[in-house]
Amino acid sequence: MVKTAKIERPRGAARRSPTLGQVLCWCLILTVLVAGFVLSAARTVFVLILALQVAFVIAALWRAIVAIASLKRAETAPSPLEWPRYTVLAALHDEAAVTPQLIANLTRLNYPQHRLEGFLVLEAHDHATLAAAEATPKPAWLKVLIAPPGHPLTKPRALNHALTRATGDLVTIYDAEDRPDPEQLRAAAARFAAEPRLGCLQAPLRIKPSRRRVGFLDRQFAFEYAALFEVVLPGMARLGLPFPLGGTSNHVRMEALRAVGGWDAYNVTEDADLGFRLWSRGWTLGVVAPPTAETPPGAIDRWLPQRTRWIKGYMQTWGVHTRRPTGLGRRGVVALVMTLGASIISAAAHAPTLAWLSSAILIGLSAGVRPEAPIGAIAVLTMGIVASWTTCAIGARRAGLRYRWTDMLAAPAYWALLSLAFVHALWRLVMEPHVWDKTPHDRDEDLPDLTASLVMTKAKSGREAA
């Protein structure tokens, strides 16, 4: 049995109190705002609006830069002389309905079976998922692992437990609803072999809406993912910048993962945090082409808790990495601001901005006068909207989606919903910072035949052994 080194876990989001530097920074900002409103409220409002406009312009230019950078695709690395040992992890909780589907999808992975190990990490009290996992045929390399009782009850805590048993040179994470491209592991392993300082690779996540329903939220969610995983992250990778990882289909060099202490069990977006922690230790990040198909969360009662968790986790990660921003370096700080910072600010600003614009136009029309909204502000807002539309259009094309003009017109309504999620996230960050909002998943209608998948896997394993 291969011995694994003891891992020192990061404190990270477990610390709820801000540092002295963070407190002083917030006090300075509040002091300047209060003094500004006392001395000249009108001038202060003007400066704040101007600052918001500048932020919109910077965000639009940023999207243009990463979109251009993403045009140059990474070259395919040659296959290594010997395939590294790969560990596949999937932390499941209340996923009995889709566990057989996940096992079937993992069975389809095209990688030397004798170089694979995998763990389905379950909670001891989750009897339904445990029963489903035990009853489903599995390849020999895939095992069921029970996480010990403990706090917090989060996905990263379960993954950290599996890390103590993992023996792979590389490790990847999948979620219950994932259907990874069978060639994803080979493509990632080849890149790691070719680039010794590469710490992590992110595969694109492509939303596969249900054939029974394709609603407004499903389509907008798919386009949002397409913009992020097909344009923004590849562009940042080409620019040599760190970025927040997706919660699944990220492939990590085990040496790098152990060096940073595994995942932060108290951060509800441990993936976003991990990307910046790897960068701070001198590792680089990249993307890999073979995608992973996922299903959208669904209606608002599922979408809102998921998005609330993401924004809350972004807030946690922002708080953690602004304690000592010098650890990220200048490029790391720019990446942190333009990803997590921009996401938080835009989520907070979308609905108020839309409400201000709509009220200005409606009041002007009802009074029979020209709307009071300044032309410059409208131009800046339009610039930001067009940049977002363009990024979504490029991403949708690469993901094989059709981005229609009706989707473009509906996008502002979706962005406004992010403000609702922001309010929820801020409240939850204060009241329940480490509670994980679980997103339920439905069984995929295109579920492959489990027995056939397992038979093919055993036959392939036999040929490799021969």
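Everything that follows concerns the structure shown earlier in this document.
Here the structure is a predicted model, which is why all the values come from computation and not from measurement.

### Let's talk about the overall build of the protein chain
Scanning the protein chain from terminus to terminus reveals 14 helices and ten strands. Taken across its 466 residues, the protein chain has 50% of its residues classed as buried. A separation of at least 24 residues holds for 84% of the contacts in the protein chain among residues at least 6 apart in sequence. On the protein chain, roughly 22,000 Å² of surface is accessible, and the fraction owed to carbon and sulfur atoms is 65%.

### Let's talk about the packing of aromatic side chains
To describe a pair of aromatic rings, one takes the distance between the centres and the angle between the planes. Under the criterion given, the structure shown has nine aromatic pairs. Geometrically, the ring pair formed by Y225 and W310 is stacked, given 6.0 Å between the ring centres and 25° between the ring planes. Of the two residues, Y225 is situated in helix α7 (residues 216-238) and W310 in helix α10 (residues 300-321); the sequence distance between them amounts to 85 residues. Aromatic rings pair up to connect F221, Y225, F229 and W310 into one cluster. The lysine or arginine in question, R197, covers the ring of W283, its NZ or CZ lying 3.9 Å from the ring centre.

### Structural notes on the side chain of Q316
Along the chain, Q316 turns up in helix α10. Among the polar contacts listed, one links the side chain of Q316 to the backbone oxygen of Y266, at a separation of 3.3 Å. If near-sequence neighbours (up to four positions away) are discounted, Q316 is found in contact with A13, Y266, N267, V268, L429, P433 and H434.

### Section: the sheet that holds strand β10 (residues 292-294)
Read across the open sheet, the three strands follow the order β5-β10-β7; overall the sheet is mixed. The two strands at the open ends of the sheet, each matched to only one other strand, are β5 (179-180) and β7 (205-207). Bridge count between β7 and β10: three bridges; the pairing is parallel. Each residue of the ladder has a partner; that of R206, found in β10, is A293.

Cut-offs used in this document
Residues numbered from 1 in each chain as written. Predicted model: local features only at pLDDT ≥ 70, side-chain atom pairs only at ≥ 80, totals over all residues. Heavy atoms only, no water. Helix = DSSP H or I, 4+ residues; strand = E, 2+ residues; numbered from the N terminus. Buried < 20%, exposed > 50% of the residue type's maximum accessible area, 1.4 Å probe, protein only. Contact = heavy atoms within 4.5 Å. Areas by Shrake-Rupley, 256 points an atom, 1.4 Å probe, with all protein chains shown as cover. Phe/Tyr/Trp six-rings, centres within 6.5 Å; stacked < 30°, edge-to-face > 60°. Lys NZ or Arg CZ within 6 Å of the ring centre and 35° of its normal. Polar contact = N/O pair within 3.5 Å; in protein donor to acceptor, adjacent residues only side chain to side chain. Pairing = 2+ DSSP bridges.

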